[in-house]
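Tertiary structure, described
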Protein chains: 2
Amino acid sequence: MKISTRGRYGLRMLIDLSCQQSDTPVTLASIAQRQDVSVSYLERIASDLKRAGYIYSIKGPQGGYHMAKDSKDIVVGDLLRLLEGDVRLTDNHVTHENPLQECIRESVYDVLNEKIEHLVDSITLDTFVNEYKSNI
Amino acid sequence: MKISTRGRYGLRMLIDLSCQQSDTPVTLASIAQRQDVSVSYLERIASDLKRAGYIYSIKGPQGGYHMAKDSKDIVVGDLLRLLEGDVRLTDNHVTHENPLQECIRESVYDVLNEKIEHLVDSITLDTFVNEYKSNI
DNA sequence: TCAAAACCTAGTAAAACGGTAGGTATTATG
DNA sequence: CATAATACCTACCGTTTTACTAGGTTTTGA
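Read on for an overview of the structure. (Residues numbered from 1 in each chain as written. Chains lettered and ligands numbered in written order. Predicted model: local features only at pLDDT ≥ 70, side-chain atom pairs only at ≥ 80, totals over all residues. Heavy atoms only, no water.)

**A few points about the protein's contact with DNA strand D**
What counts is decided by this rule: One heavy atom within 4 Å of a molecule or strand makes the whole residue count as near it. Starting at the N terminus, helices and strands are each numbered in turn, a helix being any DSSP run of H or I of at least four residues and a strand any DSSP run of E of at least two.
Taken together, 25 residues sit near DNA strand D, with Arg44(A), Glu43(B), Lys50(B), Ser57(B) and Tyr65(B) positioned nearest. Elements represented by at least two residues in the surface near DNA strand D include exactly α1 (5–19) and α3 (39–51) of chain A together with α3 (39–51), β1 (55–58) and β2 (64–67) of chain B.

Following this line, the structure appears as structure tokens:
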């Protein structure tokens, strides 16, 4: 029941990037240094974030990354679903579930999952970005 | 970000046990059969639940388990903390955290964790037991 | 032409997960 | 008293996931 490093580094990368208001692209190396993460590991996460349309990249010297969306349009739940697979505490309905198990799943996990999804879907990234900026 | 089988089986065991209103103790074997879990694996979970005072056991033939608490006095959050370690999505403050990381932790994870803890701490087991009973 | 950057793929050590095996201790019952 | 049913305990183990690293290729501004 933990967010993995993928999710944590991804969040940190986007928050960091949102706070760098420069016209020149921000390099992975600089993000990695500020966030104390290895460049090569961050590359893979950046690749996912790019494919999903959160950031865009510019290749070559002086290249780097820019945000592709405003942080107030980024739903934290969507981000976690991308980086963590999903935000549910249990996998969905499995086969060979007997009626008792099904009842427990419905009455326990579906309730918890729904509340957690509602929670993360009601928070946008700018909440964190603003908090972060005000504390720098 | 998943509840492991420990947490799931433990919850199922307590809900199952709460629904067996018999005067005679309920054997692990019968719970294991109803819940489709191996007896030996459930033993270890039962051991934790017993040590924490959720259930008590009677040894020997005709022995088994009883609930030691009313399900309305069992907070789901406490149960998950026992079985899963904790319910936080991130580990607590780690050493070698730089100021930027600390700020992100405080503005992101502490907010999320607090909400999730509040959620699971506001639900007691009887919610699920009642739902379960009404569907049998 | 060079070097800085993004981008890509395969591999890998360690940890966690999800158990199983094989016992011991206790005690109700015939 | 013997037996069997039950809780209880410890060590081990195969698989999957995690969290990377290594070592490249591609693109492009200066």
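This is not the end of the story, as more comes after the structure.
**Section: the nonpolar core**
What counts here: Here, the term nonpolar core denotes a set of buried Ala, Val, Leu, Ile, Met, Phe, Trp, Tyr and Cys residues that are joined through side-chain atoms within 4.5 Å. Exposure classes here rest on a 1.4 Å probe applied to the protein chains alone. A residue is buried below 20% of its type maximum, exposed above 50%, and partly exposed in between. Note on contacts: a residue pair qualifies if any of its non-hydrogen atoms lie within 4.5 Å across the two residues.
Judged by nonpolar contacts, the single largest core of 84 residues is most densely connected at Ile55(A) and Ile55(B). Ignoring any residue separated from it by four or fewer positions in sequence, one finds Ile55(B) in contact with Met13(B), Leu14(B), Leu17(B), Ala46(B), Leu49(B), Lys50(B), Tyr65(B), His66(B), Met67(B) and Ala68(B).

**Details of the packing of helix α4 (residues 76–84) of chain A against helix α5 (residues 99–121) of chain A**
Residue and element names in this part refer to chain A. This is how it is decided: Under this scheme, a helix contributes an axis fitted over its contacting stretch, all axes are lines through C-alpha atoms, and angles between N-to-C directions fall in the 0 to 180 degree range. Oblique is the label for any angle not covered by the other classes, which are roughly parallel (under 35 degrees), roughly antiparallel (over 145) and roughly perpendicular (65 to 115). Charged means Asp, Glu, Lys or Arg here, nonpolar means Ala, Val, Leu, Ile, Met, Phe, Trp, Tyr, Cys or Pro, and polar covers whatever is left, Gly included.
Taken N-terminus to C-terminus, the directions of α4 and α5 make an angle of 115°; their axes are 6 Å apart at the nearest point. In terms of their interaxial angle, α4 and α5 are classed as roughly perpendicular. Along the contact surface, α4 presents Val 76, Gly 77, Asp 78, Leu 80 and Arg 81, while α5 presents Glu 117, Val 120 and Asp 121. Among the residues forming the contact of α4 with α5, the class breakdown is 3 nonpolar, 1 polar and 4 charged.

**Quick notes on the protein's contact with DNA strand C**
Cut-off, in case you're wondering: For this analysis, a polar contact is any N or O atom pair within 3.5 Å, provided that within protein one partner can donate a hydrogen and the other can accept it, and provided that sequence-adjacent residues contribute only side-chain to side-chain pairs.
Neighbouring DNA strand C are 22 residues; Leu28(A), Glu43(A), Lys50(A), Ser57(A) and Tyr65(A) lie closest to it. At 2.5 Å from a phosphate oxygen of DNA strand C is found a side-chain nitrogen or oxygen belonging to Tyr65(A). Only α3, β1 (55–58) and β2 (64–67) of chain A together with α1 (5–19) and α3 of chain B provide two or more residues apiece to the surface near DNA strand C. Sort the elements by how many residues they give to the surface near DNA strand C and α3(A) lands first, with 3 residues. For the surface near DNA strand C, the residue count by class is 7 nonpolar, 9 polar and 6 charged.

**Topic: the pairing of β2(A)**
Here is the rule: If DSSP finds at least two bridges between two strands, the strands pair.
Pairing between β1(A) and β2(A): 4 bridges, direction antiparallel. Within the sheet, the bridge partner assigned to Ile58(A) lies in β2(A) and is Gly64(A).

**Structural notes on α1(A)**
Using the following cut-off: Take the residue count of a helix, subtract one, and multiply by 1.5 Å to get its expected span.
With 15 residues, α1(A) should reach 21 Å at 1.5 Å per residue; the first-to-last C-alpha distance of 21 Å fits that figure. Extensive coverage of α1(A) is indicated by the burial of 13 of its 15 residues.

**Some remarks on the pattern of salt bridges**
Let me state the cut-off plainly: Whenever Lys or Arg places a side-chain nitrogen within 4 Å of a carboxyl oxygen from Asp or Glu, that contact is recorded as a salt bridge.
Counting across every chain of the model gives 24 salt bridges over all chains. Of the charged contacts in the structure, one is a salt bridge between Arg6(A) and Asp48(A), with a shortest N-O distance of 2.1 Å. Of the two residues, Arg6(A) sits in helix α1 while Asp48(A) sits in helix α3, which places them 42 residues apart along the sequence. Each member of the pair Arg6(A) and Asp48(A) is classed as buried. Between Lys72(B) and Asp70(B) there is a salt bridge; the shortest N-O distance is 3.5 Å. On the basis of relative accessible area, Lys72(B) is assigned to the partly exposed category, the value being 48%. What you see here is one network of salt bridges that share partners, running through Asp78(A), Arg81(A), Arg88(A), Glu97(A), Arg105(A), Asp110(A), Glu117(A) and Asp121(A).

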